[in-house]
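Fold and contact review
Listed here are the chains, written in short residue letters.
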Amino acid sequence: MSSKVTFAFDNNPQGVYYAGQVISGTAELITDRPKTIRSIYITINGFGETRWQENVEKSSEDGSKQVKSLATHTSTEIYYTNDQYVYGQSGGTQLELPKGKFVFPFHTTIPPNAPTSFNGRHGQIKHEVTLTIDRSVRYNNIFKQCFTVILPTDLNAKREHVQPLKRIEEKSFWWGSIFGANKPMVMDVSTSFSAYAPGQKIHFHIALDNQSDVQCQDVKVRLFKNVTYRAKSGSTASGEKPEIKVNETESRIADKHCGEVLKHNKATFNEYLVVPPTTPTTLEPNGNQPIKVSYTLRFIAKTFRLHGGGDLVVDFPLVIGTVPLLASAGDLGPGQTNSNNSGFVGAPVFQEDVSSEQFESNTYKPRYPVYNFNGNGQSTAGNSNGTTAPTPSLYPKAEDKPPVQHTANPVSPAPAPAPAIHKSPPYPTAGPNPGNNFEVLGFSIPPDYKPTPSAPADSSIGWK
């Protein structure tokens, strides 16, 4: 091991920040032998990128056939970046970094509109701090540490989030028409609200009236995460603008099985589905974002494929935020509330994303706020061992931060002043001293030498 770097965030061991906060910490560098370097600098940045490949068909040069090829679609967007030189300077001369342990502080302000961290199949929104050792001869030594940024989404900001989800759907099957009956399967579903935060229970009511001759194997409730990736295809040789490509994925992040309903029977289910730690819904109106996240709450009445017609499915768009609705604190189901509900929400804990998808080699899992509600309609902030997790403040004060204690770092040497350069003219600047000879280009001029007088001003001198 030649070098090792350990990053630590001030008063924030989990490395979770809200957009607009000040991020600060230290990078501890340990070297087991001296290094010849130019500088050491720390970069704090946030960026988004998407990339995937797909098979495309293009006409051959003579247009006689279609040729298959593999096309790569990619997009990159920089949200912010900040470089801090902690030893040496940019483009400086070679320096000697001695063996030892050094701690370099860093800090910057995250932009208030920085997007939430995300790690998915075809893209990522990544926030990281990087320490780079700029080496003059060898490859640079680069050390990185990701941290989570959350763009707050307060569900109380929009009235439509308080509205419940409710719908009645029915489906007929050709299996029953064979025996002279073609009655439908009717499903009535509803929820208390249309927006929730991770950790909350989505209480739902299902009334299934199975009038058909088809058995419902299982009534399922599932929460799907929908991600839309946008990228640009490669520019063409003709100079045309790159084409915008879209790739949409759907993954299941929560599931609930309610039970079966026999034919010519009715059943009612009053259950709930817990929202796991997951990325908030993308609510910004800008449609050109590289990554957009949305959710679908799906109710499924599962039937045998042999009976034809498929399953009875009811889909609702669902919004996931970072601050739950105050009205949802005492929710017990559609039309039911806890009489002891005080509307108090409390502080969240921060847990890793439940999704197992990752972008290429990025194994970092962002942490999202999770609210654990007790039976009184209040949330309890604590992790599995009962301790309270630190909650980042939306507006931290710089003066509240304790000073960082660390060992003395090597002092960057001051740049040496440029030596003064004195240039002598190629000819004497003063006349010779009387009585002394002086030498020009190796020739000795007598002391009584007089220069030839110049021609009169009105004389004409030309070339023949």
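Residues numbered from 1 in each chain as written. Predicted model: local features only at pLDDT ≥ 70, side-chain atom pairs only at ≥ 80, totals over all residues. Heavy atoms only, no water.

Brief notes about the overall build of the protein
For the protein, the count of helices and strands is 1 helix and 25 strands. Scored against the burial criterion, the 464 residues of the protein give a buried share of 42%. Taking as baseline every contact in the protein between residues at least 6 positions apart, the subset at least 24 positions apart corresponds to 72%. When the accessible surface of the protein is summed, it comes to about 26,400 Å², and 51% of that surface belongs to carbon and sulfur atoms. (Helix = DSSP H or I, 4+ residues; strand = E, 2+ residues; numbered from the N terminus. Buried < 20%, exposed > 50% of the residue type's maximum accessible area, 1.4 Å probe, protein only. Contact = heavy atoms within 4.5 Å. Areas by Shrake-Rupley, 256 points an atom, 1.4 Å probe, with all protein chains shown as cover.)

Points about the sheet that holds strand β1 (residues 3-9)
Reading across the sheet, the 3 strands line up as β1-β3-β7 and stay open at both edges, with antiparallel pairing between neighbours. Edge positions in the open sheet fall to β1 and β7 (100-109), since each of these has one partner strand only. On average, adjacent strands in this sheet sit at an angle of 20° to one another, irrespective of strand direction. In the sheet, β1 pairs with strand β3 (residues 22-31) via 7 bridges, with the strands oriented antiparallel. Along β3, the bridge assignment pairs S3 with T31. (Pairing = 2+ DSSP bridges. Axes fitted to C-alpha atoms, helices over the stretch in contact; angles between N-to-C directions.)

Re the confidence of the model for the protein
As a note on interpretation, predicted positions should not be read in detail where pLDDT is low. Per-residue confidence for the protein gives a mean pLDDT of 81; residues scoring 70 or more make up 72%. Residue range residues 382-406 is modelled with pLDDT below 50. Its contacts to residues more than four positions away, or to other chains, number 31 contacts. (pLDDT = per-residue confidence, 0-100.)

Structural notes on the sheet that holds strand β17 (residues 265-274)
The 4 strands are arranged β11-β12-β14-β17 in an open sheet whose pairing can be described as antiparallel. Each of the sheet's edge strands pairs with one partner strand only, and the pair in question is β11 (166-171) and β17. Within this sheet the neighbouring strands show an average axis-to-axis angle of 15°, counted without direction. Bridge analysis of strand β14 (residues 201-210) against β17 gives 10 bridges, and the strand direction is antiparallel. Looking at β17, one finds that D209 is bridged to K266.

Structural notes on unusual backbone geometry
Notably, N11 is not glycine yet its phi reads approximately 55°, a positive angle. Looking at where N11 falls in the secondary structure, it is placed in the loop between β1 and β2 (16-18). One non-glycine residue, H264, lies in the positive phi region at around 60°. The residue H264 is located in the loop between β16 (244-261) and β17 in this model.

Let's talk about the nonpolar core
Counting 45 residues, the largest nonpolar core has M187, I206, L297, F299 and L318 as its most contacted members. Of all the elements in the fold, those that place two or more residues in this core are β12 (185-191), β13 (195-196), β14, β15 (216-232), β16, β17, β18 (291-303) and β19 (312-320). When residues in this core are grouped by element, the largest group, 7 residues, is from β15. Dropping the residues within four chain positions of it, M187 is found in contact with R167, I168, E169, I206, A207, L208, F299, A301, L312 and V314. Residues V5, I40, I133 and L151 belong to the second largest nonpolar core, which totals 28 residues. (Core = buried A, V, L, I, M, F, W, Y, C linked by side-chain atoms within 4.5 Å.)

Description of the state of the cysteines
Joining two cysteines, a disulfide is a covalent bond between their sulfur atoms. For the coordinates displayed, the defined rule picks out 0 disulfides. With no disulfide of its own, C216 has C258 as its nearest cysteine by sulfur position, at a separation of 9.7 Å. (Disulfide = S-S within 2.5 Å.)

Observations concerning the side chain of S39
Tracing the chain through its elements places S39 in strand β4 (residues 35-59). Ignoring any residue separated from it by four or fewer positions in sequence, one finds S39 in contact with Y85, Y87, G88, Q89, T132, I133 and D134.

Considerations on the packing of aromatic side chains
Within this structure, the stated rule accounts for 10 aromatic pairs. An angle of 85° between the planes, with centres 6.3 Å apart, marks the rings of F9 and F106 as edge-to-face. Separated by 97 residues along the polypeptide, F9 in strand β1 and F106 in strand β7 bring together distant segments of the chain. Both residues of the pair, F9 and F106, belong to the buried class. Aromatic side chains Y17 and F147 sit 6.0 Å apart centroid to centroid with 85° between the ring planes, which places their arrangement in the edge-to-face category. With a gap of 130 residues between them, Y17 in strand β2 and F147 in strand β10 (residues 141-150) connect regions that are remote in the sequence. The burial state of Y17 is the same as that of F147; both residues are buried. Ring pairing ties together the aromatic residues F9, Y17, F106 and F147, which thus form one cluster. Against the face of F224 rests R298, its NZ or CZ located 4.5 Å from the ring centre. (Phe/Tyr/Trp six-rings, centres within 6.5 Å; stacked < 30°, edge-to-face > 60°. Lys NZ or Arg CZ within 6 Å of the ring centre and 35° of its normal.)

Focus: the environment of I244
Position of I244 relative to the elements: it lies in strand β16. Residues I244 and H73 lie 171 residues apart in sequence; the distance between their C-alpha atoms is 8.7 Å. Setting aside chain neighbours within four positions, we find I244 in contact with R230, A231 and K232.

Brief notes about the pattern of salt bridges
Under the defined criterion, the tally for this structure stands at 16 salt bridges. When the shortest N-O distance is used, the salt bridge between D134 and R38 registers 3.2 Å. Of the two residues, D134 is situated in strand β9 (residues 123-135) and R38 in strand β4; the sequence distance between them amounts to 96 residues. A relative accessible area of 14% means that D134 is categorised as buried. Between D255 and R252 there is a salt bridge, with its nearest N and O atoms 3.8 Å apart. Salt bridges sharing common partners tie together E49, R51 and E360. (Salt bridge = Lys/Arg side-chain N within 4 Å of Asp/Glu carboxyl O.)

Brief notes about the environment of Q84
Mapping Q84 onto the fold places it in strand β5 (residues 66-88). It is 9.5 Å that separates the C-alpha atoms of Q84 and L131, two residues lying 47 residues apart in sequence. Q84 has contacts with I40, Y41, I42, I44, P105, F106, H107 and T108, leaving out every residue within four places of it along the chain. One polar contact links Q84 to N82, side chain to side chain, over a distance of 2.9 Å. (Polar contact = N/O pair within 3.5 Å; in protein donor to acceptor, adjacent residues only side chain to side chain.)

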